[in-house]
Amino acid sequence: MKMNIALVPGDGIGPEIIAEAVKVLEKVGEVYGHEFCFDHLIAGGASIDLNGVPLTEETINRAKAADAVMLGAVGGPKWDNEPGPNRPERALLGLRSSLGLFCNLRPAIIYPELSEASPLKSEVVANGIDIMVVRELTGGIYFGEKGRKDDAAYDVMYYSRPEIERISKKAFDAAMLRDKHVTVVDKANVLESSRLWREVTKEVAASYPEVTLDYMYVDNAAMQLVKNPGQFDVVLTENMFGDILSDEASMITGSIGMLPSASLREDKFGMYEPIHGSAPDIAGKGISNPIATILSAAMMLRYTFSLEKEADAIERAVKEALRDGLRTMDIKKNDEKASSTEEAGLEIVRRIR
Ligand code: IPM
Ligand code: MG
């Protein structure tokens, strides 16, 4: 199979982790007889430096022309004083909305090899953590009307029925392949938009009689995630709550440098990126953990290209490397030696078969 992939390395550690994911994909191509064509695109702070804006039409068009996009990370202190509409993050938001990627899947799992890395007490994580956060990605307060009026500012949280419906179906579909349990997280005791989410999710649930549906207020969900994370299977939520809870969910697994994500729409196209950010403090030192990006590549093979075997091969290689002691700086214990970004990539490449 021939695959056209747009690479958006971005800023900070973005380029170094993307480079390792590319090596892994090339090895997969070699072993399984596929060809990857990579188109390197510039976005985020790198694009501000080059073009004066975080995202150009050209980048959008070339991303659209690809089968899938792999993104590193955007942003950094260098661009912190850019005005709102010109911040590097706008590249990410612009790509998500112009590509129509409304469905964001963020798995948060504990790797048994790293179970001690969780900041939670061992009895709390005894049964493991395996949560899929399904975050609505192109609506809500992120994209509602925003502005200034006199000495006030506003951001509108707006959701239409079809927007809620399509993401809900994705969440229920995901639940059908897992433990068949969806928790809708909202603030229905305060927000009208949350009350519409409850109405619509109830209707969608009618087509999935096997799936248990429950509702939780977002403040309680934030607490329950640290108190009893094992109670969650699929967490379905709107854009901003999903942003906040997915950081929390990934942190409690102790493996924020390990978690991938997929941003999807109705067809096979998708954008794949690590959950973590651009980590400017360690950029260029060659010590970042490329695993989240490598696992994002596996998600890409699975969701966009339906290459299940190949995706499994990457995930297996990562697990084996961890089992054999691969530890980057972020996941090592005090006395362990840390691998560099390149060494980590190599250890995984070696185990692709
Ligand atoms: C994320 C990030 C982005 C978001 C930022 C960088 C705009 O935090 O992907 O979770 O808020 O969606
Ligand atoms: Mg976030």
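Everything below is about the structure printed above this text.
Residues numbered from 1 in each chain as written. Chains lettered and ligands numbered in written order. Predicted model: local features only at pLDDT ≥ 70, side-chain atom pairs only at ≥ 80, totals over all residues. Heavy atoms only, no water.

## What about helix H4 (residues 89–98)?
Phase 1: Buried residues of H4: Ala91, Leu92, Leu93, Gly94, Leu95 and Arg96, and no others.
Phase 2: Looking one or two places after H4, you find Gly100, whose phi comes out positive at around 70 degrees. (Buried < 20%, exposed > 50% of the residue type's maximum accessible area, 1.4 Å probe, protein only. Helix = DSSP H or I, 4+ residues; strand = E, 2+ residues; numbered from the N terminus.)

## Side note on the side chain of Ser246
Phase 1: Mapping Ser246 onto the fold places it in helix H8 (residues 239–252).
Phase 2: One polar contact links Ser246 to Arg106, side chain to side chain, over a distance of 2.9 Å.
Phase 3: At 2.7 Å, the side chain of Ser246 forms a polar contact with the backbone oxygen of Gly242.
Phase 4: Filtering out sequence-adjacent residues up to four positions away, Ser246 remains in contact with Arg106 and Val133. (Polar contact = N/O pair within 3.5 Å; in protein donor to acceptor, adjacent residues only side chain to side chain. Contact = heavy atoms within 4.5 Å.)

## Overview of the pairing of strand E12 (residues 270–274)
Phase 1: In terms of burial, E12 is a largely internal element, five of the five residues being buried.
Phase 2: Strand direction decides the pairing type here: strand E3 (residues 68–73) and E12, joined by three bridges, are parallel. Bridge pairing links Met70 to Tyr272 in E12.
Phase 3: As judged from the five bridges shared by strand E11 (residues 260–264) and E12, these two strands associate in the antiparallel manner. Directly across from Leu264, in E12, lies its bridge partner Gly270.
Phase 4: A loop of five residues connects E11 with E12, the two strands running antiparallel in sequence. (Pairing = 2+ DSSP bridges.)

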